[in-house]
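Inside the fold
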2 protein chains.
Amino acid sequence: MTGLIALDWGSSSLRAFRFDGSGRLAETHSRPWGIRHLPAGGYDAALADVTAGWPALPRLACGMVGSRNGWREMPYLDLPADAARLAGALGAVRAGDGLDVHLVPGLRDPHGPDVMRGEETQLIGALALHPSLAETGSFILPGTHSKWAVVQGGAVTGFRTLMTGELFAVLRQHSMLGASGAETANDAEAFARGVAAARDSGAAGALSRLFSARALMLDGTLAAGSVPDYLSGLLIGEEFRAALADGLARCDTPLHLVGDDALCEHYRRAAALFGIELPPPIADAAAHGLWQLALEADLVQRHPEESPAC
Amino acid sequence: MTGLIALDWGSSSLRAFRFDGSGRLAETHSRPWGIRHLPAGGYDAALADVTAGWPALPRLACGMVGSRNGWREMPYLDLPADAARLAGALGAVRAGDGLDVHLVPGLRDPHGPDVMRGEETQLIGALALHPSLAETGSFILPGTHSKWAVVQGGAVTGFRTLMTGELFAVLRQHSMLGASGAETANDAEAFARGVAAARDSGAAGALSRLFSARALMLDGTLAAGSVPDYLSGLLIGEEFRAALADGLARCDTPLHLVGDDALCEHYRRAAALFGIELPPPIADAAAHGLWQLALEADLVQRHPEESPAC
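Read on for a plain summary of the structure. What you see is a predicted model; the values in this text were computed from it and never measured.

Let's talk about the sheet that holds strand β11 (residues 146–152) of chain B
Residues and elements named next belong to chain B. Strand order in the open sheet formed by 4 strands is β12-β11-β10-β13, with mixed pairing between adjacent strands. At either margin of the open sheet sits one strand with a lone partner, and together these are β12 (155–162) and β13 (255–257). With direction set aside, neighbouring strand axes in the sheet form an average angle of 20°. Note: β11 against β12, 7 bridges, orientation antiparallel. Along β12, the bridge assignment pairs Val-151 with Val-156. Against the sheet, helix α3 (residues 119–129) contacts β10 (136–141), β11 and β12, and its axis sits at roughly 130° relative to β10. Running at roughly 35° to β11, helix α7 (residues 227–246) makes contact with β10, β11, β12 and β13 of the sheet.

Looking at the sheet that holds strand β8 (residues 107–109) of chain B
An order of β5-β8-β9 (chain B) is seen for the 3 strands of this open sheet, with the pairing classed as mixed. Edge positions in the open sheet fall to β5 (77–78) and β9 (114–116) of chain B, since each of these has one partner strand only.

Quick notes on the environment of Asp260(A)
All names here are of chain A. By the secondary structure assignment, Asp-260 is in the loop between β13 (255–257) and α8 (261–273). Spatially, the C-alpha atoms of Asp-260 and Leu-4 are 23 Å apart, while their sequence positions differ by 256 residues. Of note is the side chain of Asp-260, whose polar atom sits 3.1 Å from the backbone nitrogen of Ala-262.

Re the packing of α7(B) against helix α8 (residues 261–273) of chain B
Residues and elements named next belong to chain B. Closest axis-to-axis distance for the α7/α8 pair is 10 Å, and the angle between their directions is 65°. If you check the angle between α7 and α8, you find them roughly perpendicular. α8 is crossed by α7, and the crossing has right-handed handedness. Where α7 abuts α8, its residues Ser-232, Ile-236, Glu-239 and Phe-240 lie against His-266, Tyr-267, Ala-270 and Ala-271. Here the residues of the contact of α7 with α8 sort into 5 nonpolar, 2 polar and 1 charged.

A look at the relation of the copies chain B and chain A
Superposing chain B onto chain A requires a rotation of 180° together with a translation of 0.0 Å along the rotation axis, leaving an RMSD of 0.0 Å. On this basis, the relationship between the two copies can be described by a two-fold rotation axis. Relative to the rotation axis, the closest C-alpha in chain B is found at Ala203(B), a distance of 2.3 Å.

A look at the packing of aromatic side chains
A complete count under the given rule lists 14 aromatic pairs over all chains for this structure. Here Tyr43(B) and Trp71(B) contribute two aromatic rings whose centre-to-centre distance is 5.0 Å and whose plane-to-plane angle is 10°, an arrangement assigned as stacked. Here Tyr43(B) is found in helix α1 (residues 42–50), whereas its partner Trp71(B) is found in the loop between β4 (59–62) and β5, with 28 residues between them in sequence. Here Tyr43(B) and Trp71(B) have matching classes, each one buried. One aromatic cluster is present, formed by Trp148(A), Phe240(A), Tyr267(A) and Phe274(A) through successive ring pairs. When the ring centre of Tyr76(A) is taken as origin, the NZ or CZ atom of Arg117(A), which lies over that ring, is 4.2 Å away. Between Lys147(A) and the ring centre of Phe211(B), over which it is positioned, the NZ or CZ distance is 4.8 Å.

A closer look at the pairing of β4(B)
Residues and elements named next belong to chain B. Neither face of β4 is open: one carries Arg-59 and Ala-61, the other Leu-60 and Cys-62, and all of them are buried. Examined bridge by bridge, strand β1 (residues 3–9) and β4 share 4 bridges and lie parallel to one another. Counted as the bridge partner of Asp-8 is Cys-62 from β4. As paired elements, β4 and strand β7 (residues 100–103) share 2 bridges and run parallel to each other. Within β7, the position partnered with Ala-61 by the bridge is Leu-103.

A short note on the pattern of salt bridges
It is possible for side chains of opposite charge to pair when their charged atoms get near one another. Following the criterion strictly, the structure yields 28 salt bridges over all chains and no others. With its nearest N and O atoms 3.0 Å apart, the salt bridge here joins Arg108(A) to Asp78(A). Highlighted residues: Arg108(A) in strand β8 (residues 107–109) and Asp78(A) in strand β5 (residues 77–78), separated in sequence by 30 residues. What makes Arg108(A) buried here is its relative accessible area of 19%. Among the residues examined, Asp78(A) registers a relative accessible area of 31% and is labelled partly exposed. Put simply, Arg241(A) and Glu238(A) hold a salt bridge, and the shortest N to O gap is 2.9 Å. One end of the pair, Arg241(A), and the other, Glu238(A), are both in helix α7 (residues 227–246), 3 residues apart, so they sit about a helical turn from each other. It is possible to trace a salt-bridge network through shared partners that takes in Asp78(A), Arg108(A) and Asp219(B).

Focus on the interface of chain B and chain A
Interface extent is often summarised as the accessible area lost during association of the parts. With 40 residues of chain B in contact, the opposing surface of chain A contributes 40 residues. Sorting the residues of chain B by area buried against chain A places Met163(B), Leu207(B) and Phe211(B) first, and these three jointly supply 19% of that buried surface. Across the contact surface, chain B and chain A share 4 salt bridges. Put simply, Asp246(B) and Arg209(A) hold a salt bridge, and the shortest N to O gap is 3.2 Å. Counting across the chain B and chain A interface gives 13 residue pairs in polar contact (both at pLDDT 80 or more).

Comments concerning the nonpolar core
As a rule of thumb, soluble globular proteins bury nonpolar side chains together. Counting residues in hydrophobic clusters, the biggest one holds 48 residues, and the most contacted among them are Leu167(A), Leu210(A), Leu167(B) and Leu210(B). Elements that contribute at least two residues to this core include exactly α4 (164–174), α5 (188–199), α6 (212–218) and α7 of chain A together with α4 (164–174), α5 (188–199), α6 (212–218) and α7 of chain B. Those residues within four positions of Leu167(A) in sequence are excluded, and the remaining contacts are Leu235(A), Leu167(B), Leu171(B), Leu207(B) and Leu210(B).

Conventions adopted
- Residues numbered from 1 in each chain as written.
- Chains lettered and ligands numbered in written order.
- Predicted model: local features only at pLDDT ≥ 70, side-chain atom pairs only at ≥ 80, totals over all residues.
- Heavy atoms only, no water.
- Pairing = 2+ DSSP bridges.
- Helix = DSSP H or I, 4+ residues; strand = E, 2+ residues; numbered from the N terminus.
- Axes fitted to C-alpha atoms, helices over the stretch in contact; angles between N-to-C directions.
- Contact = heavy atoms within 4.5 Å.
- Polar contact = N/O pair within 3.5 Å; in protein donor to acceptor, adjacent residues only side chain to side chain.
- Parallel < 35°, antiparallel > 145°, perpendicular 65-115°, else oblique.
- Left-handed = near helix turned anticlockwise from the far one by under 90°.
- Nonpolar A, V, L, I, M, F, W, Y, C, P; charged D, E, K, R; others polar.
- Least-squares fit on C-alpha atoms with pLDDT ≥ 70 in both.
- Phe/Tyr/Trp six-rings, centres within 6.5 Å; stacked < 30°, edge-to-face > 60°.
- Buried < 20%, exposed > 50% of the residue type's maximum accessible area, 1.4 Å probe, protein only.
- Lys NZ or Arg CZ within 6 Å of the ring centre and 35° of its normal.
- Salt bridge = Lys/Arg side-chain N within 4 Å of Asp/Glu carboxyl O.
- Buried area = accessible area lost by both parts, 1.4 Å probe.
- Core = buried A, V, L, I, M, F, W, Y, C linked by side-chain atoms within 4.5 Å.

See the structure below:
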């Protein structure tokens, strides 16, 4: 039996992927056991459970599992970084079963400074799935902490973190903007209106328009239940406005989404209001990035002849 | 006995001022009874307590007491608005003691839209205390929801709300940026560094730099205890950056602070990093604004000859 157990282990969730020897993604298990919500027994118990029934294979993990508050802290690797540099900088932690879990380091952009953990692996996966993007491309990885990254010659050369998802959550749950307690209407028009407010805020930016979510509601032109949609549009729209102002996105460089469908669909709708057409998102990027890094690091060898059923 | 009982009644606090007939501020009482934290007995009990021992005088209140969730909702008055228009739009609520409490309406800027309640009275008070500013001036009223207002010919002609104070509080208490739990260092250098980060963010703006508070800490160049100071500087600095980008503040128009000393001192330090020298803040503006509006509305007559001891 050959193959790889790939672990995408973040703050709030754990996903395990079993690759067979030909690099085919054979099986996926998900658990709500991010490093902040581990089960009794900690990392070892989580690992044993999420890989139960799988053969003993090389294991490679990315994400917050390698952070200061994770299983073992992996130092950040400074930019620029391609698959070979990342693969050359893997570390490992010895699990309770006596076998290693190899760990991918995060990346650090010394010009921010800025840091990422997990997204570097998604970027490597996106490039592996779409080799034509490796020469030059810009990537959006939406999330709690969205990343906008620039790739040149197969290497990540720059990126910036936008706290969009977290900001939305804390404003919705703890600020006056979420105070109505109304159900979220899932109002596409209010979302678009928020995107437009960010786009049209000019150099002042959307932070100076945050209160408009409240003022429009008091004005009777935005339903209380649509305030979260408007706020979501305002914050996602601000990502595009700021990225264009900052040169992280450019009209002459292809822009790609990496992530899950639902959230990425919001970004596609926002992009359209900036005149940017985004192709469908690149899915399963973390899993394929882990496979790619495992290949580069010689943790696995590809056996194209192996039966897919193995 | 002549004079006025002036009430600055906001979301989180209640301040009562007794003016004598000559317009002298004779006595002040404060209670933590904003409209969201009323004592048993509600508005009437709060009013009776905060004015205990004072004579029966005309009463005029400003602030959230006139909001939808207040004692009685006062409609917003559209801009432009000077003291005479505000005084002509007062309403009243009959208190449990059978006497009226007159209420100042809030203001609405139809171009935002944006709204204020209470700050309109502070602005009238600031102009009454400094008549030379009435012709043309810009005012910053720092707070949970900071207001930047423009005055022309004695009238408020435009304003914008920045949610700086509330944003700081929710990020500090509920986001990853406050996660260290470290005591706030009160680090003036970190504050200045945050201001500079906002100033130097260019058209992208400080929202795109929010994560730097975390990245600098991970980088070891910002102490965990100084993250709140940095964040405070970043958000207050962003007010200046956005206001300058938006034309709400201009280099050729005097800029003035209205509010309490401690918070205003932060704004003065931030302004200095933008090359703007702000004079000391205008204090007690709400009280003097209420007196001014009461005069305009003929709720009181000034009696210059009255003894200050009355």
